[in-house]
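Each chain is listed here by its residues.
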Amino acid sequence: MPSERQIMVGNVPIGGGAPVAVQTMTKTETANLTATMDQIRTVAEAGADIVRVAVPREQDVAVLAQIVAQSPIPVIADIHFNYTLALKAIDAGAHCVRLNPGNIGGPEKAAIVVERAKETGTPLRVGVNSGSLPRHLRELEYTNPVEALVSAAVETVELMERLQFTNFKVSMKSTSVPNTIAANRELSQRIPYPLHLGVTEAGTKWSGSLKSAVGLGTLLADGIGDTIRISLSTFHAEEEVKVAWEILKALKLRERGPVLIACPTCGRLQFDMDSVVAEVERRLEAYEDPIEVSILGCAVNGIGEARHADFGITGAKDMGMIYSKGEPLKKVPTDRLVDELFLEIDRWYAAGKRVVSDEASAADARAWLAENEDPDAMTPERIAALEAAAARVDVDEAESPVAGRRFTRT
Ligand code: SF4
(Lines give C-alpha, C1' and ligand atoms only; values in the text may rest on other atoms or scores of the structure.)
Protein backbone atom coordinates (compact mmCIF):
# COMPACT_ATOMS: atom_id res chain seq x y z
CA MET A 1 0.00 0.00 0.00
CA PRO A 2 1.32 3.48 -0.76
CA SER A 3 1.54 5.87 2.18
CA GLU A 4 -1.67 7.58 3.25
CA ARG A 5 -0.11 11.01 3.48
CA GLN A 6 1.33 13.03 0.67
CA ILE A 7 3.84 15.86 0.79
CA MET A 8 5.07 18.17 -1.95
CA VAL A 9 8.79 18.60 -2.57
CA GLY A 10 8.62 21.61 -4.84
CA ASN A 11 6.20 20.52 -7.54
CA VAL A 12 6.81 16.81 -7.00
CA PRO A 13 4.21 14.91 -4.95
CA ILE A 14 5.63 12.23 -2.68
CA GLY A 15 3.37 9.53 -1.27
CA GLY A 16 -0.39 9.19 -1.20
CA GLY A 17 -0.33 7.10 -4.37
CA ALA A 18 1.78 9.53 -6.45
CA PRO A 19 4.23 7.94 -8.90
CA VAL A 20 7.39 6.78 -7.12
CA ALA A 21 9.78 9.74 -7.40
CA VAL A 22 13.38 9.23 -8.48
CA GLN A 23 16.02 11.17 -6.62
CA THR A 24 19.75 11.28 -6.49
CA MET A 25 22.45 13.29 -4.80
CA THR A 26 25.13 15.43 -6.37
CA LYS A 27 28.71 14.33 -5.80
CA THR A 28 30.29 17.72 -6.32
CA GLU A 29 31.40 20.17 -3.68
CA THR A 30 28.14 22.08 -3.37
CA ALA A 31 29.95 25.40 -3.02
CA ASN A 32 31.33 24.88 -6.54
CA LEU A 33 28.26 26.33 -8.20
CA THR A 34 29.26 25.59 -11.80
CA ALA A 35 30.14 21.96 -11.16
CA THR A 36 27.06 21.41 -9.01
CA MET A 37 24.70 22.96 -11.54
CA ASP A 38 26.30 20.92 -14.35
CA GLN A 39 25.63 17.75 -12.41
CA ILE A 40 22.09 18.79 -11.50
CA ARG A 41 21.28 19.41 -15.16
CA THR A 42 22.80 16.06 -16.10
CA VAL A 43 20.76 14.13 -13.52
CA ALA A 44 17.60 16.03 -14.44
CA GLU A 45 18.14 15.07 -18.07
CA ALA A 46 18.65 11.45 -17.01
CA GLY A 47 15.24 11.56 -15.31
CA ALA A 48 15.79 12.62 -11.70
CA ASP A 49 12.61 14.15 -10.29
CA ILE A 50 14.43 15.62 -7.29
CA VAL A 51 18.06 16.24 -6.42
CA ARG A 52 19.77 16.42 -3.04
CA VAL A 53 22.91 18.42 -2.32
CA ALA A 54 25.20 18.06 0.69
CA VAL A 55 25.35 21.18 2.85
CA PRO A 56 28.10 20.54 5.39
CA ARG A 57 29.59 24.07 5.55
CA GLU A 58 28.73 27.76 5.46
CA GLN A 59 30.10 28.14 1.92
CA ASP A 60 27.69 25.46 0.72
CA VAL A 61 24.61 27.07 2.20
CA ALA A 62 25.85 30.39 0.78
CA VAL A 63 25.25 29.17 -2.80
CA LEU A 64 22.05 27.27 -2.06
CA ALA A 65 19.69 30.08 -3.06
CA GLN A 66 21.38 30.24 -6.47
CA ILE A 67 21.18 26.48 -6.88
CA VAL A 68 17.48 26.51 -6.01
CA ALA A 69 16.85 29.34 -8.48
CA GLN A 70 18.76 27.68 -11.33
CA SER A 71 17.83 24.03 -10.80
CA PRO A 72 15.28 22.54 -13.19
CA ILE A 73 14.14 20.12 -10.44
CA PRO A 74 13.41 20.57 -6.72
CA VAL A 75 16.44 20.67 -4.42
CA ILE A 76 16.79 18.98 -1.05
CA ALA A 77 19.49 20.24 1.34
CA ASP A 78 21.23 17.42 3.17
CA ILE A 79 22.25 18.52 6.65
CA HIS A 80 23.87 16.75 9.55
CA PHE A 81 25.00 17.98 12.98
CA ASN A 82 24.45 21.70 12.45
CA TYR A 83 20.90 22.96 12.96
CA THR A 84 21.82 26.53 12.02
CA LEU A 85 22.71 25.28 8.52
CA ALA A 86 19.25 23.72 8.37
CA LEU A 87 17.67 27.07 9.24
CA LYS A 88 19.78 28.81 6.60
CA ALA A 89 18.88 26.15 4.01
CA ILE A 90 15.18 26.74 4.67
CA ASP A 91 15.73 30.48 4.35
CA ALA A 92 17.61 29.89 1.07
CA GLY A 93 14.44 28.33 -0.33
CA ALA A 94 15.44 24.66 -0.32
CA HIS A 95 12.41 22.63 -1.41
CA CYS A 96 13.05 20.15 1.40
CA VAL A 97 15.63 19.66 4.14
CA ARG A 98 16.95 16.28 5.15
CA LEU A 99 18.03 15.86 8.73
CA ASN A 100 18.25 13.09 11.26
CA PRO A 101 16.91 14.47 14.56
CA GLY A 102 19.31 12.05 16.30
CA ASN A 103 22.38 13.92 15.11
CA ILE A 104 21.18 17.51 14.84
CA GLY A 105 21.83 18.35 18.49
CA GLY A 106 18.82 16.92 20.31
CA PRO A 107 15.04 17.40 20.21
CA GLU A 108 15.30 21.10 21.13
CA LYS A 109 17.37 21.88 18.05
CA ALA A 110 15.11 19.74 15.89
CA ALA A 111 12.14 21.70 17.26
CA ILE A 112 13.72 25.00 16.20
CA VAL A 113 14.17 23.70 12.66
CA VAL A 114 10.61 22.35 12.61
CA GLU A 115 9.24 25.75 13.68
CA ARG A 116 11.04 27.43 10.76
CA ALA A 117 9.85 24.68 8.38
CA LYS A 118 6.27 25.26 9.54
CA GLU A 119 6.55 29.00 8.91
CA THR A 120 7.86 28.51 5.37
CA GLY A 121 5.89 25.37 4.47
CA THR A 122 9.13 23.50 3.83
CA PRO A 123 8.88 19.71 4.08
CA LEU A 124 11.52 17.73 5.92
CA ARG A 125 12.95 14.31 5.38
CA VAL A 126 13.59 12.82 8.78
CA GLY A 127 15.08 9.48 9.48
CA VAL A 128 17.57 7.17 10.98
CA ASN A 129 20.66 5.31 9.85
CA SER A 130 21.66 1.91 11.13
CA GLY A 131 25.08 3.39 11.88
CA SER A 132 23.82 6.16 14.15
CA LEU A 133 20.98 4.83 16.27
CA PRO A 134 20.25 6.56 19.59
CA ARG A 135 22.20 5.19 22.56
CA HIS A 136 19.19 3.60 24.26
CA LEU A 137 18.59 1.41 21.19
CA ARG A 138 22.15 0.19 20.71
CA GLU A 139 21.67 -2.94 22.82
CA LEU A 140 18.53 -3.82 20.88
CA GLU A 141 20.50 -3.27 17.69
CA TYR A 142 22.69 -6.27 18.56
CA THR A 143 19.80 -8.60 19.23
CA ASN A 144 17.16 -7.25 16.82
CA PRO A 145 18.54 -4.69 14.37
CA VAL A 146 15.25 -4.42 12.49
CA GLU A 147 13.25 -3.60 15.60
CA ALA A 148 15.96 -1.12 16.66
CA LEU A 149 15.71 0.70 13.31
CA VAL A 150 11.92 0.74 13.32
CA SER A 151 11.80 1.92 16.95
CA ALA A 152 14.19 4.77 16.16
CA ALA A 153 12.12 5.81 13.15
CA VAL A 154 8.85 5.66 15.12
CA GLU A 155 10.41 7.77 17.90
CA THR A 156 11.39 10.34 15.28
CA VAL A 157 7.86 10.37 13.91
CA GLU A 158 6.45 10.77 17.43
CA LEU A 159 8.77 13.72 17.99
CA MET A 160 7.47 15.37 14.79
CA GLU A 161 3.88 14.75 15.85
CA ARG A 162 4.51 16.18 19.33
CA LEU A 163 5.75 19.28 17.52
CA GLN A 164 2.49 19.20 15.52
CA PHE A 165 4.39 18.82 12.29
CA THR A 166 3.27 16.37 9.60
CA ASN A 167 4.91 17.77 6.49
CA PHE A 168 7.65 15.14 6.32
CA LYS A 169 8.75 11.86 4.82
CA VAL A 170 10.73 9.21 6.59
CA SER A 171 13.82 7.22 5.70
CA MET A 172 15.40 4.32 7.45
CA LYS A 173 18.76 3.39 6.05
CA SER A 174 20.72 0.22 6.52
CA THR A 175 23.57 -1.35 4.59
CA SER A 176 21.83 -4.71 4.99
CA VAL A 177 19.31 -5.58 2.29
CA PRO A 178 17.26 -8.03 4.43
CA ASN A 179 17.11 -5.46 7.25
CA THR A 180 16.07 -2.72 4.84
CA ILE A 181 13.24 -4.89 3.54
CA ALA A 182 12.05 -6.09 6.95
CA ALA A 183 12.30 -2.67 8.60
CA ASN A 184 10.41 -0.82 5.86
CA ARG A 185 7.72 -3.48 5.73
CA GLU A 186 7.21 -3.04 9.46
CA LEU A 187 7.38 0.76 9.40
CA SER A 188 4.91 1.04 6.51
CA GLN A 189 2.34 -0.72 8.73
CA ARG A 190 2.94 1.64 11.61
CA ILE A 191 3.03 5.13 10.13
CA PRO A 192 0.99 6.93 7.45
CA TYR A 193 3.85 9.13 6.17
CA PRO A 194 5.66 8.78 2.83
CA LEU A 195 8.73 6.56 2.82
CA HIS A 196 12.04 7.33 1.18
CA LEU A 197 13.77 4.06 0.26
CA GLY A 198 17.44 3.37 -0.21
CA VAL A 199 20.13 0.89 0.67
CA THR A 200 22.88 2.99 2.17
CA GLU A 201 26.43 2.63 0.85
CA ALA A 202 25.15 -0.01 -1.56
CA GLY A 203 28.49 -0.33 -3.35
CA THR A 204 29.88 -0.15 -6.83
CA LYS A 205 27.78 0.31 -9.93
CA TRP A 206 27.53 -3.45 -10.35
CA SER A 207 27.01 -4.72 -6.80
CA GLY A 208 25.18 -1.59 -5.63
CA SER A 209 22.70 -1.78 -8.47
CA LEU A 210 21.95 -5.39 -7.68
CA LYS A 211 21.58 -4.82 -3.94
CA SER A 212 19.29 -1.88 -4.61
CA ALA A 213 17.26 -3.79 -7.19
CA VAL A 214 16.73 -6.66 -4.76
CA GLY A 215 16.06 -4.51 -1.69
CA LEU A 216 14.07 -1.68 -3.17
CA GLY A 217 12.50 -3.85 -5.85
CA THR A 218 11.09 -6.21 -3.22
CA LEU A 219 9.54 -3.34 -1.28
CA LEU A 220 8.24 -1.54 -4.35
CA ALA A 221 6.68 -4.76 -5.63
CA ASP A 222 4.77 -4.86 -2.31
CA GLY A 223 3.62 -1.28 -2.92
CA ILE A 224 5.94 0.12 -0.24
CA GLY A 225 8.03 3.22 -0.94
CA ASP A 226 7.24 6.65 -2.35
CA THR A 227 10.62 7.92 -3.46
CA ILE A 228 13.88 6.09 -4.12
CA ARG A 229 17.55 6.90 -4.26
CA ILE A 230 20.14 4.41 -5.46
CA SER A 231 23.48 4.94 -3.71
CA LEU A 232 26.41 3.99 -5.91
CA SER A 233 30.14 4.58 -5.54
CA THR A 234 30.51 6.64 -8.67
CA PHE A 235 31.02 10.30 -9.34
CA HIS A 236 28.41 10.04 -12.09
CA ALA A 237 25.16 10.63 -10.22
CA GLU A 238 23.20 10.07 -13.42
CA GLU A 239 24.13 6.37 -13.17
CA GLU A 240 22.09 6.22 -9.95
CA VAL A 241 19.15 7.75 -11.78
CA LYS A 242 19.39 5.26 -14.64
CA VAL A 243 19.41 2.33 -12.20
CA ALA A 244 16.41 3.76 -10.35
CA TRP A 245 14.51 4.01 -13.60
CA GLU A 246 15.38 0.48 -14.63
CA ILE A 247 13.96 -0.78 -11.33
CA LEU A 248 10.75 1.23 -11.76
CA LYS A 249 10.44 0.21 -15.42
CA ALA A 250 11.03 -3.47 -14.63
CA LEU A 251 8.19 -3.34 -12.09
CA LYS A 252 6.04 -1.40 -14.55
CA LEU A 253 5.60 1.33 -11.94
CA ARG A 254 6.69 4.09 -14.32
CA GLU A 255 7.54 4.43 -17.96
CA ARG A 256 10.44 6.38 -19.33
CA GLY A 257 12.21 5.92 -22.62
CA PRO A 258 12.68 2.77 -24.64
CA VAL A 259 12.84 -0.73 -23.24
CA LEU A 260 15.64 -2.86 -24.64
CA ILE A 261 15.36 -6.63 -24.52
CA ALA A 262 18.07 -8.96 -25.71
CA CYS A 263 18.46 -12.71 -25.75
CA PRO A 264 21.11 -14.11 -23.39
CA THR A 265 23.01 -15.56 -26.39
CA CYS A 266 24.26 -19.11 -26.65
CA GLY A 267 26.48 -21.24 -28.88
CA ARG A 268 24.34 -20.38 -31.92
CA LEU A 269 25.52 -16.77 -31.89
CA GLN A 270 27.73 -15.87 -34.83
CA PHE A 271 28.26 -12.13 -34.58
CA ASP A 272 29.47 -9.60 -32.00
CA MET A 273 26.17 -9.13 -30.22
CA ASP A 274 27.74 -7.43 -27.17
CA SER A 275 28.79 -4.47 -29.30
CA VAL A 276 25.46 -4.36 -31.10
CA VAL A 277 23.50 -4.32 -27.82
CA ALA A 278 25.76 -1.61 -26.36
CA GLU A 279 25.41 0.53 -29.48
CA VAL A 280 21.63 0.12 -29.64
CA GLU A 281 21.35 0.98 -25.95
CA ARG A 282 23.49 4.07 -26.45
CA ARG A 283 21.49 5.31 -29.43
CA LEU A 284 18.15 4.61 -27.77
CA GLU A 285 19.02 7.17 -25.09
CA ALA A 286 18.06 9.84 -27.60
CA TYR A 287 14.43 8.61 -27.69
CA GLU A 288 11.77 9.41 -25.13
CA ASP A 289 8.89 7.07 -26.00
CA PRO A 290 8.66 3.70 -24.24
CA ILE A 291 9.21 1.77 -27.47
CA GLU A 292 10.36 -1.80 -27.03
CA VAL A 293 13.37 -2.92 -29.05
CA SER A 294 14.46 -6.53 -29.14
CA ILE A 295 17.77 -8.06 -30.18
CA LEU A 296 18.00 -11.75 -30.99
CA GLY A 297 21.31 -13.46 -31.53
CA CYS A 298 20.10 -15.88 -34.19
CA ALA A 299 17.11 -16.76 -36.33
CA VAL A 300 16.54 -20.39 -35.36
CA ASN A 301 13.59 -19.41 -33.12
CA GLY A 302 12.12 -17.15 -35.78
CA ILE A 303 10.91 -13.96 -34.16
CA GLY A 304 9.58 -16.02 -31.27
CA GLU A 305 9.18 -14.21 -27.97
CA ALA A 306 10.16 -10.88 -29.54
CA ARG A 307 6.91 -10.88 -31.52
CA HIS A 308 5.42 -8.08 -29.41
CA ALA A 309 8.47 -5.76 -29.72
CA ASP A 310 7.95 -2.50 -31.59
CA PHE A 311 11.22 -3.09 -33.40
CA GLY A 312 13.81 -5.78 -33.39
CA ILE A 313 16.84 -7.22 -35.06
CA THR A 314 17.91 -10.79 -35.53
CA GLY A 315 21.56 -11.19 -36.27
CA ALA A 316 23.54 -13.92 -37.99
CA LYS A 317 27.03 -14.32 -39.38
CA ASP A 318 26.74 -12.18 -42.52
CA MET A 319 23.09 -11.23 -42.80
CA GLY A 320 20.45 -10.22 -40.32
CA MET A 321 16.89 -8.98 -40.34
CA ILE A 322 14.88 -6.04 -39.05
CA TYR A 323 11.31 -6.67 -37.90
CA SER A 324 8.46 -4.77 -36.34
CA LYS A 325 5.60 -6.22 -34.28
CA GLY A 326 6.48 -9.70 -35.43
CA GLU A 327 6.60 -8.84 -39.14
CA PRO A 328 9.89 -9.02 -41.08
CA LEU A 329 10.72 -5.64 -42.70
CA LYS A 330 14.02 -6.22 -44.44
CA LYS A 331 17.17 -8.28 -44.64
CA VAL A 332 20.44 -6.37 -44.13
CA PRO A 333 24.15 -7.15 -43.86
CA THR A 334 25.08 -7.77 -40.22
CA ASP A 335 27.40 -4.78 -40.11
CA ARG A 336 24.47 -2.52 -41.13
CA LEU A 337 22.00 -3.92 -38.59
CA VAL A 338 22.16 -1.07 -36.09
CA ASP A 339 22.08 1.73 -38.65
CA GLU A 340 19.17 0.14 -40.50
CA LEU A 341 17.28 -0.44 -37.25
CA PHE A 342 17.45 3.26 -36.43
CA LEU A 343 16.53 4.22 -40.00
CA GLU A 344 13.36 2.15 -39.55
CA ILE A 345 12.62 3.65 -36.14
CA ASP A 346 13.04 7.17 -37.54
CA ARG A 347 10.89 6.29 -40.55
CA TRP A 348 8.19 5.10 -38.12
CA TYR A 349 8.29 8.46 -36.32
CA ALA A 350 8.25 10.37 -39.62
CA ALA A 351 5.12 8.43 -40.67
CA GLY A 352 3.30 9.36 -37.46
CA LYS A 353 4.27 6.17 -35.57
CA ARG A 354 3.17 3.90 -38.37
CA VAL A 355 5.27 1.09 -39.79
CA VAL A 356 6.21 1.75 -43.40
CA SER A 357 7.07 -1.50 -45.10
CA ASP A 358 8.22 -2.22 -48.62
CA GLU A 359 6.63 -5.48 -49.82
CA ALA A 360 9.65 -6.64 -51.87
CA SER A 361 12.05 -6.10 -48.93
CA ALA A 362 9.63 -7.75 -46.53
CA ALA A 363 9.28 -10.80 -48.81
CA ASP A 364 13.08 -11.02 -49.03
CA ALA A 365 13.30 -10.91 -45.23
CA ARG A 366 10.59 -13.54 -44.79
CA ALA A 367 12.44 -15.86 -47.18
CA TRP A 368 15.69 -15.33 -45.26
CA LEU A 369 13.93 -16.07 -41.98
CA ALA A 370 12.35 -19.24 -43.35
CA GLU A 371 15.78 -20.43 -44.50
CA ASN A 372 17.37 -19.78 -41.12
CA GLU A 373 14.57 -20.85 -38.83
CA ASP A 374 14.90 -24.31 -37.31
CA PRO A 375 11.72 -25.43 -35.59
CA ASP A 376 13.48 -28.49 -34.12
CA ALA A 377 16.41 -26.70 -32.48
CA MET A 378 16.36 -27.00 -28.70
CA THR A 379 17.16 -23.36 -27.97
CA PRO A 380 17.20 -21.81 -24.48
CA GLU A 381 13.87 -20.16 -25.33
CA ARG A 382 12.21 -23.42 -26.35
CA ILE A 383 13.60 -25.27 -23.32
CA ALA A 384 12.23 -22.49 -21.09
CA ALA A 385 8.84 -22.70 -22.83
CA LEU A 386 8.73 -26.50 -22.35
CA GLU A 387 9.68 -26.14 -18.68
CA ALA A 388 6.99 -23.50 -18.19
CA ALA A 389 4.40 -25.76 -19.84
CA ALA A 390 5.47 -28.70 -17.65
CA ALA A 391 5.22 -26.50 -14.54
CA ARG A 392 1.70 -25.48 -15.53
CA VAL A 393 0.69 -29.13 -15.91
CA ASP A 394 2.11 -29.87 -12.43
CA VAL A 395 0.13 -26.99 -10.91
CA ASP A 396 -3.06 -28.03 -12.71
CA GLU A 397 -2.67 -31.60 -11.49
CA ALA A 398 -1.91 -30.51 -7.95
CA GLU A 399 -5.07 -28.40 -7.96
CA SER A 400 -7.18 -31.13 -9.49
CA PRO A 401 -9.63 -32.92 -7.13
CA VAL A 402 -8.10 -36.24 -8.19
CA ALA A 403 -4.52 -35.02 -7.74
CA GLY A 404 -3.94 -37.25 -4.74
CA ARG A 405 -4.63 -40.34 -6.83
CA ARG A 406 -1.78 -39.76 -9.24
CA PHE A 407 0.60 -42.14 -7.50
CA THR A 408 -1.96 -44.51 -6.04
CA ARG A 409 -1.33 -48.12 -6.97
CA THR A 410 -4.34 -50.33 -7.41
S1 SF4 B 1 19.10 -19.55 -29.64
FE2 SF4 B 1 18.19 -17.92 -28.45
S3 SF4 B 1 19.77 -17.41 -26.94
FE4 SF4 B 1 20.80 -18.54 -28.56
S5 SF4 B 1 21.57 -16.93 -29.91
FE6 SF4 B 1 19.59 -17.63 -30.74
S7 SF4 B 1 18.09 -16.20 -29.89
FE8 SF4 B 1 19.99 -15.96 -28.66
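For the structure, see preceding data.
A brief structural summary. (Residues numbered from 1 in each chain as written. Predicted model: local features only at pLDDT ≥ 70, side-chain atom pairs only at ≥ 80, totals over all residues. Heavy atoms only, no water.)

## Side note on the overall build of the chain
What counts is decided by this rule: Working definition: helices are DSSP H or I runs of at least four residues, strands are E runs of at least two. Numbering for both runs from the N terminus. Buried, partly exposed and exposed residues are distinguished by accessible area as a fraction of the type maximum, computed with a 1.4 Å probe on protein chains only: under 20%, between the cut-offs, and over 50%, respectively. Contacts are assigned to residue pairs with any non-hydrogen atoms lying within 4.5 Å of each other. The protein chains shown are the only cover counted for residues, whose accessible areas, like all others here, come from Shrake-Rupley with a 1.4 Å probe. We score Asp and Glu as negative and Lys and Arg as positive, and we do not count His or the chain ends. By convention, the charge on Lys lies at NZ, on Arg at CZ, on Asp at CG and on Glu at CD.
Counting secondary structure elements, the chain contains 13 helices and 15 strands. Principal axes of the C-alpha set define a box for the chain whose edges measure 75 × 70 × 30 Å. A total of 410 residues make up the chain; the buried ones form 50% of that total. Taking all contacts inside the chain whose residues are at least 6 apart in sequence as the whole, residues at least 24 apart take part in 63%. Per element, the accessible surface of the chain, about 19,600 Å² overall, is 52% carbon and sulfur. Between the centroid of the 44 positive side chains of the chain and the centroid of its 57 negative side chains there is a distance of 3 Å.

## What about the site of the ligand?
Let me state the cut-off plainly: Think of it this way: one heavy atom of a residue within 4 Å of a molecule or strand is enough to make that residue near it. Here a cavity denotes grid points, spaced 1 Å and computed from the protein atoms alone, that fit a 1.4 Å probe unable to get out, and a pocket denotes an open set having protein on both sides within 12 Å along at least 5 of 7 lines; residues with an atom within 4 Å of a point are the lining. A molecule is said to be in a cavity or pocket once over half of its atoms fall within 2 Å of that pocket's grid points. Gly counts as polar in this scheme, as do all residues outside two lists: the nonpolar Ala, Val, Leu, Ile, Met, Phe, Trp, Tyr, Cys and Pro, and the charged Asp, Glu, Lys and Arg.
The ligand sits among Cys263, Pro264, Thr265, Cys266, Arg268, Gly297, Cys298, Asn301, Thr379, Pro380 and Glu381. The cavity that encloses the ligand is the largest cavity. Among the residues making up the shell around the ligand, the classes are represented as five nonpolar, four polar and two charged.

## Thoughts on the packing of helix H7 (residues 177-190) against helix H8 (residues 205-221)
Note the cut-off: Where helices are involved, their axes are fitted lines through C-alpha atoms of the stretch in contact, as for all axes, and angles between N-to-C directions lie from 0 to 180°. Roughly parallel covers angles under 35 degrees, roughly antiparallel covers those over 145, roughly perpendicular covers 65 to 115, and oblique covers all other angles. Each crossing is labelled by how the near helix is turned from the far one, with a counterclockwise turn of less than a right angle marking it left-handed and a clockwise turn marking it right-handed.
In the contact formed by H7 and H8, the axes pass within 9 Å of each other and the chain directions differ by 15°. As far as their axial angle goes, H8 and H7 are roughly parallel. Where H7 crosses over H8, the two elements pack in a sense that is right-handed. Counting all contacts with H7, which are made through Val177, Thr180, Ile181, Asn184 and Arg185, the residues of H8 involved are Lys211, Val214, Gly215, Thr218 and Leu219. Of the residues that constitute the contact of H7 with H8, the class distribution is four nonpolar, four polar and two charged.

## Let's talk about the packing of aromatic side chains
As a reminder of what qualifies: Two rings from Phe, Tyr or Trp (for Trp, the six-membered ring) form a pair when their centres are within 6.5 Å of each other. A pair whose planes differ by under 30 degrees is stacked, one over 60 is edge-to-face, and the rest are tilted.
All told, the structure shown has six aromatic pairs when counted by the stated rule. Ring centres 5.8 Å apart and planes at 35° place the aromatic pair tyrosine 287 and phenylalanine 342 in the tilted group. Of the two residues, tyrosine 287 sits in the loop between helix H10 (273-284) and strand E12 (292-296) while phenylalanine 342 sits in helix H11 (residues 337-350), which places them 55 residues apart along the sequence. Its relative accessible area of 15% is what places tyrosine 287 among the buried residues. Ring centres of tryptophan 348 and tyrosine 349 lie 5.0 Å apart, and the angle between their planes is 75°; this geometry places the pair in the edge-to-face category.

## Here's the deal with the sheet that holds strand E15 (residues 327-333)
Here is the rule: Whether two strands pair comes down to DSSP finding at least two bridges between them.
Read across the sheet, five strands follow the order E11-E12-E13-E14-E15 without closing on themselves; strand pairing throughout is mixed. Each edge of the open sheet carries a strand with a single partner, namely strand E11 (259-262) and E15. Adjacent strand axes in the sheet meet at a mean angle of 20° when their direction is disregarded. The pairing of strand E14 (residues 319-324) with E15 spans six bridges and is antiparallel.

## A short note on the pattern of salt bridges
What counts here: Salt bridges are defined as contacts in which a side-chain nitrogen from Lys or Arg sits within 4 Å of a carboxyl oxygen from Asp or Glu.
Tallying each qualifying case throughout the model produces 29 salt bridges. We note a salt bridge from arginine 185 to aspartate 222, for which the minimum N-O separation is 2.9 Å. Here arginine 185 is found in helix H7, whereas its partner aspartate 222 is found in the loop between H8 and strand E10 (227-229), with 37 residues between them in sequence. Overall, aspartate 222 belongs to the partly exposed group, its relative accessible area being 37%. As a salt-bridge pair, arginine 347 and glutamate 344 come within 3.4 Å of each other at their nearest N and O atoms. Of this pair, arginine 347 and glutamate 344 both sit in helix H11, three residues apart, which is roughly one turn of that helix. Residue classification places arginine 347 among the partly exposed positions, given a relative accessible area of 37%.

## Focus on the layout of surface pockets
Rules: Grid points are joined across faces, edges and corners, and a volume is the space filled by probe spheres set on the points.
Space inside the largest pocket adds up to approximately 1,200 Å³. Around the largest pocket sit 34 residues that line it, and Lys242, Glu246, Lys249, Pro258 and Glu281 are the ones nearest its centre. Among the elements of the structure, helix H1 (33-46), H8, helix H9 (237-250), E11 and H10 are those that each provide at least two residues to the lining of the largest pocket. For the lining of the largest pocket, the leading source of residues is H9, giving eight residues. Within the lining of the largest pocket, the residues separate by chemical class into 16 nonpolar, three polar and 15 charged.

By themselves, these figures tell us nothing about what the structure is for.
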